[in-house]
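Understanding the architecture of this molecule
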Amino acid sequence: MKEQVIAVLDIGKTNKKVLIYNMQLQVREQVSAVIGEVDSDSIKLEQPEVVYSWFCQMLVRLSDRFDIVAISITTHGAMGVCLDDKGNITCPPLAYTNEPGGDFSDSFYERFGSRSELQSETATAQIGEMVNFAKMVFYWNENYPDQMGQTKHIVMYPQYFGYKLTGQIAAEPTMLGCHSYLYDHENNAYSRLAEELGIADKLPGRIANSWEVLGVVTPDIVSATGVNPACLVTIGVHDSNSSLLPYLLTQTDDFVLNSTGTWCVVMKPAGEISFDQSEIGKTVFYNQDVFNSPVKTSVFMGGLEYQTYMDMLKKLHGRSDLPDLDVILYRQVFNSASCFILPSVVKGAGMFPDIQARVVDNGDIIPFDRYSSNPEVINFFADYEMAVAVLTASLVMQTHCALEAAGYCPGDKIFIEGGFRFNQPYLQLLAAMYSDSEIYTTDIEQATALGAALLALAALQGKSPDELEVALMINKLAVIRPDGFDMIESYRQRFLSLVQMEGSLR
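Now for a quick tour of the structure. In this text the structure is predicted, and so the values were computed from the model without any measurement. (Residues numbered from 1 in each chain as written. Predicted model: local features only at pLDDT ≥ 70, side-chain atom pairs only at ≥ 80, totals over all residues. Heavy atoms only, no water.)

**Some thoughts on the overall build of the protein chain**
Definition in use: A helix here means a DSSP run of H or I that spans at least four residues, while a strand means a run of E at least two residues long, and both kinds are numbered starting from the N terminus. Here the radius of gyration uses the C-alpha set of atoms, whereas the globule reference equals 2.2 Å times the residue count to the power 0.38. A simple rule labels every residue: compare its accessible area, found with a 1.4 Å probe on the protein chains alone, to the largest value its type can have, and call it buried under 20%, exposed over 50%, or partly exposed in between. The contact criterion used throughout is that any non-hydrogen atoms of two residues lie within 4.5 Å. Accessible surface is estimated by sampling points in the Shrake-Rupley manner with a 1.4 Å probe; for residues, cover comes only from the protein chains shown. In this count, Lys and Arg are taken as positive residues and Asp and Glu as negative ones, while His and the chain termini are left out. For this purpose, a charge sits on NZ of Lys, CZ of Arg, CG of Asp or CD of Glu.
Of the regular secondary structure elements, the protein chain holds 17 helices and 23 strands. Relative to the 2.2 N^0.38 estimate, which gives 23 Å for 506 residues, the radius of gyration of the protein chain is 23 Å and therefore close to what a compact globule would have. Summarising its shape, the C-alpha atoms of the protein chain cover approximately 65 × 55 × 45 Å along the three principal directions. When each of the 506 residues of the protein chain is scored for burial, the buried share is 60%. Residue pairs in contact within the protein chain that sit at least 24 positions apart in sequence constitute 72% of those at least 6 positions apart. Carbon and sulfur atoms make up 45% of the accessible area of the protein chain, which totals about 19,500 Å². In the protein chain, which carries 35 positive and 62 negative side-chain charges, the distance between the mean positions of the two groups comes to 3 Å.

**Describing the packing of aromatic side chains**
So the rule is basically this: Here a pair means two rings of Phe, Tyr or Trp (six-membered ring of Trp) with centres within 6.5 Å. Their orientation is stacked below 30 degrees between planes, edge-to-face above 60, and tilted elsewhere. In our convention, an over-ring charge means Lys NZ or Arg CZ found within 6 Å of a ring centre and within 35 degrees of that ring's normal.
What the rule picks out here adds up to 31 aromatic pairs. Relative to Phe-112, the ring of Phe-108 has its centre 5.1 Å away and its plane inclined at 50°; by these criteria the two rings are tilted. Here the residue Phe-108 and the residue Phe-112 both occupy positions in helix 2 (residues 104-112), the gap between them amounting to four residues, near one helical turn. Taking 6.2 Å as the distance between ring centres and 75° as the angle between the ring planes, the aromatic pair formed by Phe-352 and Phe-495 counts as edge-to-face. Residue Phe-352 is found in the loop between strand 18 (339-342) and strand 19 (358-361), and its partner Phe-495 is found in helix 17 (residues 488-499); the two are separated by 143 residues along the sequence. Judged by relative accessible area, which is 2%, Phe-352 ranks as buried. Among the aromatic residues, those joined into a ring-pair cluster are Phe-104, Phe-108, Tyr-109, Phe-112, Phe-138, Tyr-139, Tyr-144 and Tyr-181. A cation over a ring is seen here: Lys-13 above Tyr-96, with NZ or CZ 5.3 Å from the ring centre.

**Regarding unusual backbone geometry**
A cis geometry characterises the amide bond from Pro-343 onward to Ser-344, with omega recorded as 5°. Secondary-structure assignment places Ser-344 in the loop between strand 18 and strand 19. For Tyr-181, which is not a glycine, the phi torsion comes out positive at approximately 70°. Take Tyr-181: it is sitting in the loop between helix 7 (173-176) and strand 9 (183-184). One non-glycine residue with positive phi stands out, namely Ala-337, at about 45°. Along the chain, Ala-337 turns up in the loop between helix 12 (327-336) and strand 18. Look at Ala-337 and you get partly exposed, because its relative accessible area is 24%.

**A short note on the layout of surface pockets**
Note the threshold: Throughout, the protein atoms alone are placed on a 1 Å grid, and a set of points is a cavity if a 1.4 Å probe fits but cannot get out or a pocket if it is open with protein on both sides within 12 Å along at least five of seven lines; lining residues have an atom within 4 Å of a point. Grid points are joined across faces, edges and corners, and a volume is the space filled by probe spheres set on the points. Note that Gly is not counted as nonpolar here; it falls among the polar residues with everything else outside the nonpolar set of Ala, Val, Leu, Ile, Met, Phe, Trp, Tyr, Cys and Pro and the charged set of Asp, Glu, Lys and Arg.
Taken as a whole, the second largest pocket spans an internal volume of roughly 300 Å³. Every residue lining the second largest pocket is counted, 15 residues in all, and those nearest its centre are Leu-25, Ile-444, Leu-450, Leu-472 and Met-473. Of all the elements in the fold, those that place two or more residues in the lining of the second largest pocket are strand 2 (15-21) and strand 3 (27-34). Residues belonging to the lining of the second largest pocket are distributed by class as follows: nine nonpolar, four polar and two charged.

**Describing the sheet that holds strand 18**
In plain terms, the rule: If DSSP finds at least two bridges between two strands, the strands pair. Orientation is described by axes fitted as lines to C-alpha atoms, over the contacting stretch for helices, and by angles from 0 to 180 degrees between their N-to-C directions.
One open sheet accounts for three strands, arranged 18-19-20; its pairing is antiparallel. Bordering the open sheet on either side are strand 18 and strand 20 (364-367), each of which pairs with just one other strand. Averaged over neighbouring strand pairs, the angle between their axes works out to 15° when direction is ignored. As judged from the four bridges shared by strand 18 and strand 19, these two strands associate in the antiparallel manner.

**Some remarks on the nonpolar core**
Stated precisely, the cut-off is as follows: Residues belong to one nonpolar core when they are buried, are Ala, Val, Leu, Ile, Met, Phe, Trp, Tyr or Cys, and are joined through side-chain atoms within 4.5 Å.
In this structure, Phe-108, Trp-140, Leu-193, Leu-197, Ile-199 and Trp-263 are the most contacted members of the largest nonpolar core, which totals 77 residues. Considering every element that reaches this core, the biggest residue donor is helix 16 (residues 447-461), with 11 residues. Membership of the second largest hydrophobic core comes to 72 residues, among which are Ile-378, Leu-427, Val-479 and Tyr-491.

**What to know about the environment of Met-130**
Tracing the sequence through the fold places Met-130 in the loop between helix 3 (115-122) and helix 4 (133-143). Sequence separation of Met-130 and Glu-99 is 31 residues, and the distance between their C-alpha atoms is 7.3 Å. Not counting chain neighbours up to four residues away, the residues in contact with Met-130 comprise Ala-78, Leu-94, Ala-95, Tyr-96, Asn-98, Pro-100, Phe-104, Met-136 and Tyr-139.

In structure tokens:
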């Protein structure tokens, strides 16, 4: 008899994964594929149909070994799909990396309310050009009116795959409440923009909990993949809130989670939605967790910043290693405060959306377009260890801003998950800046997928996730706090002053 398992489809921006969990939430199998965006007539598109086809192929393979009784889907937050009455995609599946330029954003805010007004009303800040899903809908309305006329359903990304598997339509708060401008957090309903964009009748009528059952797989899916005919599919969940769930279930003290990847997403559970006046206009917003409670959130593209500069340095030096923390070298960086890497590689994203990346090289400020293809013009880039140290310091400064924006309070535990949990210099510098808090990494390899598996297990048992009787242990590893970095605070102040010379925190 085959082992009964849960299949999790975890859709990142580029990397797609399927993980198999047993009923004790242990990973039994994992497969992955790189399915990125594609260019079509100067527009960047996601490939939902390709991802779905790949997922079905994986189900065929995995069903030979396992009895798949539940499927849970988690995706990145800035994506939705338009469907006609037969379930075919109508409008181009736009990637959030598109930048329409011109007066696109200004036209949106002139029509539907200012950035500050919408932030106050929907707990959402502007993030880039199309990370806010309502702006993607606006783009479809303006550029594809015929296709929008053919659209019967607009579903968020996890629910598209759920629909393909079950034929059922629904929505849930973690995706709707994820910087979309379309969600009324207070009333668990759609915001006025749904009506004003003309899509109120196209959005799902059912808004359910993330652990509820969307439906059972269709007979066609059973025939095509071999999954159990009674296999249920949960509603779906936003990836960042999925990764937050294991911490919500295991932590009793106040904490902040820094989930690192292409986007570094900093989240702190909050009792209510409340903006300080100084936060209006900054990249600070609220998500909804799976229990429909607010999570104060800030984001920056830390992984992208890191990879962009590391690619330059690897090519320049023919190296790919990450040097250990050299206390003498880092003291030199902080004490001299003459070399900085300033954000942001992608303008319009993160804690400093108004400015473009540049380097401060012994006092000279050099814009990104001068060194991005010719890094030799930066003097301190000639020293690999020095350049990596300045880059690491930049990431720590940006993380500090994001933690503060997300509502960090002295004494809060700080958890680091994702790729940066393996970057020891980053972790140790962050610990040096937060002497009032314990900083931990954990042994969770795939927190996003684990959260999704928890939701499926809850659905199977007819319980909410906090009622599950499962041994969920998070082994914490405390980050060692180094000595001798007294000048790190003055370096941070200089970093902020340089950033604010040509832009302002939003």
